[in-house]
Amino acid sequence: MARPLNRIFMFVLIIFLAALVAGFIYIWPRLESSPPEISLDKPIKYLGRQQRVYVKISDQGQGLAWVRVTMEQGGKRGVIINQEFDTPGAPLASLKLMVKPLQLGMNQGPAILVVEAADRSWRGWMKGNRSRREFKVQVDTAPPRLNSLTQVVRINRGGAGLALYSVDEPEARHGVRVGKKFFLGVAPWPDRPNTKLCYFAYGDDLAKGQKIELWAMDLAGNEATASLNTRLRWKRFKSDKINLSQNVLKRIAARFGGIMPKNRTTPLAQFMWVNQDLRRDNHQIIEEAARQSQPYQLWRKTFSRPLGAPKAGYGDQRTYFYKGKVVSKGVHLGTDTAHTERSPVKAAARGIVRFAANLGIYGNCVILSHGQGLATLYGHLSSMTVKLGDEVQRGQDVGRSGATGLALGDHLHFSVLVQGVFVNPTEWWDSHWVRDNVLLRFKEGGLPLPLPPGEAQPGS
Ligand SMILES: [Zn+2]
């Protein structure tokens, strides 16, 4: 009689054990102990008026149950996001938050950004594994104070201008905006870190009426603009007709044979490639080289003028004709002068060599940086006597004139650039212009020349 009972007992036992194993298999992973991991895409030090913050929270085991991001400051607490997840938990939450400290009731000063999360583990009496990370931030919603230190800045079309201004946050980025173009300013007076300087340009290709203003942005992303009182003088540029003969086209094409694209087969098509495509590429390289600069003024005197008779000026609007038809247009962005063949070419001012190599239409070309974004270029040289990184003094030879690149006769092409923008060189070798637009501006502001640290001021 014990047999059926025994069988029932065995049956119940197996069911029980199976349930136990199944329960164990079900419960064990739900008791995992790996907490969610919290990270920011980049460290945050400052929070401005509104700041995008990317928070990533991931969980290896049962997934996330909830996440919460808050801001705390002196007992006050503002909730930025509080999100719950359904079962099964989310393995990952990428939160793109827009944090607005003022709306969260925070004030200027230190605060803590708190990120908390819990997973769907059954640990801690079903509360899950919790993570909490705190990020110390500085709430700064005040834009930097930005003031012009110059009454009026006069600027010519295609010319340069100097802005002196103050920014009360030493780590702010600042400069001058001319239309869409931004010129980065420097702080060259170590004992006056808030006093800034920026050379800017009104490019030859800009239409009338571009807005010129001072701009600054602090590390919290607060922006400030201030008007810069400028008077633009509109200059007309000369027009210049250039007739291209078959012979000239062939000579030019032959010079660039090595780099000519195969699909340019006629001498005219080859010339157009040189004058347009190659010119554009060359200008990109020039801009990059000319932008490399340091915050001090290396030059002291007015720039020296290149030797020789002027052949073409800055801003000349060149129209190229072939067999009586207009085939190409271009603007001449420097001054051409011719002297005797292979004349020594001298540095217009003290500077650092930022480029000394063959550069397409400019042939053998030297670019000097004079500090604060100011640079000069010497093109078509037959030989160069300086190398990258050299420091050269005003009047020192950089090479000899020649006809390399897109030049037919021996001459020097000389350009001046402000942060990569070509400007009219004549301003820089005109002692009146330099005095009125640069030196007097420093004097008015009670500022010494912004020379490299340790260098004596002239006359002292
Ligand atoms: Zn030229």
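Residues numbered from 1 in each chain as written. Predicted model: local features only at pLDDT ≥ 70, side-chain atom pairs only at ≥ 80, totals over all residues. Heavy atoms only, no water.

What to know about unusual backbone geometry
For K323, which is not glycine, the phi torsion reads 50 degrees and is therefore positive. Following the sequence through the fold, K323 ends up in the loop between β20 (317-322) and β21 (325-331). The phi dihedral of H380 is positive, around 65 degrees, even though this residue is not glycine. Among the secondary structure elements, H380 is positioned in strand β26 (residues 374-381). Given a relative accessible area of 5%, H380 falls into the buried group. (Helix = DSSP H or I, 4+ residues; strand = E, 2+ residues; numbered from the N terminus. Buried < 20%, exposed > 50% of the residue type's maximum accessible area, 1.4 Å probe, protein only.)

Let's talk about the sheet that holds strand β13 (residues 181-184)
Taken in spatial order, the 4 strands make up an open sheet running β13-β12-β15-β16, and their pairing is antiparallel. Unpaired on one side and paired on the other, β13 and β16 (223-227) mark the two borders of the sheet. Neighbouring strand axes in the sheet, compared pairwise and without regard to direction, differ in orientation by 30 degrees on average. Here strand β12 (residues 173-178) pairs with strand β15 (residues 212-217) via 6 bridges, running antiparallel. Paired with V176 across the strands is L214, a residue of β15. (Pairing = 2+ DSSP bridges. Axes fitted to C-alpha atoms, helices over the stretch in contact; angles between N-to-C directions.)

Overview of the sheet that holds strand β27 (residues 383-384)
Ordered in space as β23-β29-β27, the 3 strands form an open sheet in which the pairing is antiparallel. Two strands lie at the open edges of the sheet, namely β23 (344-346) and β27, each paired on one side alone.

A word on helix α4 (residues 267-291)
With 25 residues, α4 extends 35 Å from end C-alpha to end C-alpha; this agrees with the ideal 36 Å at 1.5 Å per step. A bend of about 35 degrees at R279 is the largest found in α4. Among the residues making up α4, those that are buried are Q270, F271, W273, V274, N275, L278, R279, N282, H283, I286, A289 and A290. (Expected span 1.5 Å × (residues − 1). Bend = angle between axes of the 7 residues up to and from the residue.)

Concerning the nonpolar core
Counting residues in each nonpolar core, the largest one holds 57 residues, and the members touching the most others are V176, Y199, F200, W299, Y378, W428 and F442. In terms of residue count, strand β11 (residues 160-167) provides more of this core than any other element does, 6 residues in total. The residues touching W299, leaving out its near neighbours within four places in the chain, are Y199, A349, R350, H370, L374, W428, V434, V438 and L451. One finds A290, Y314, I367 and A375 within the second-largest nonpolar core, a separate group that totals 29 residues. (Core = buried A, V, L, I, M, F, W, Y, C linked by side-chain atoms within 4.5 Å. Contact = heavy atoms within 4.5 Å.)

Some words on the coordination of the zinc ion
H332 (NE2), D336 (OD), D336 (OD) and H413 (ND1) make up the full set of protein donors to the zinc ion, lying at 2.0 to 2.8 Å. Angles of 51 to 150 degrees at the metal separate the 4 donor atoms of the zinc ion, which places the site in the irregular class. (Donors = N, O, S within 2.8 Å, 3.2 Å for Na, K, Ca; no water. Tetrahedral: all angles 85-135°; square planar, octahedral: opposite > 155°, others 65-115°.)

Thoughts on the packing of aromatic side chains
How two aromatic rings sit relative to each other is given by the distance of their centres and the angle of their planes. For the coordinates displayed, the defined rule picks out 11 aromatic pairs. A ring pair is formed by W299 and F303, whose centres lie 5.7 Å apart and whose planes are at 75 degrees; its orientation type is edge-to-face. Exposure remark for W299: the relative accessible area of 1% places this residue in the buried category. Judged by its relative accessible area of 2%, F303 falls in the buried class. Both rings, one in W299 and one in W428, keep their centres 5.9 Å apart while their planes meet at 90 degrees; by these two values the pair is edge-to-face. (Phe/Tyr/Trp six-rings, centres within 6.5 Å; stacked < 30°, edge-to-face > 60°.)

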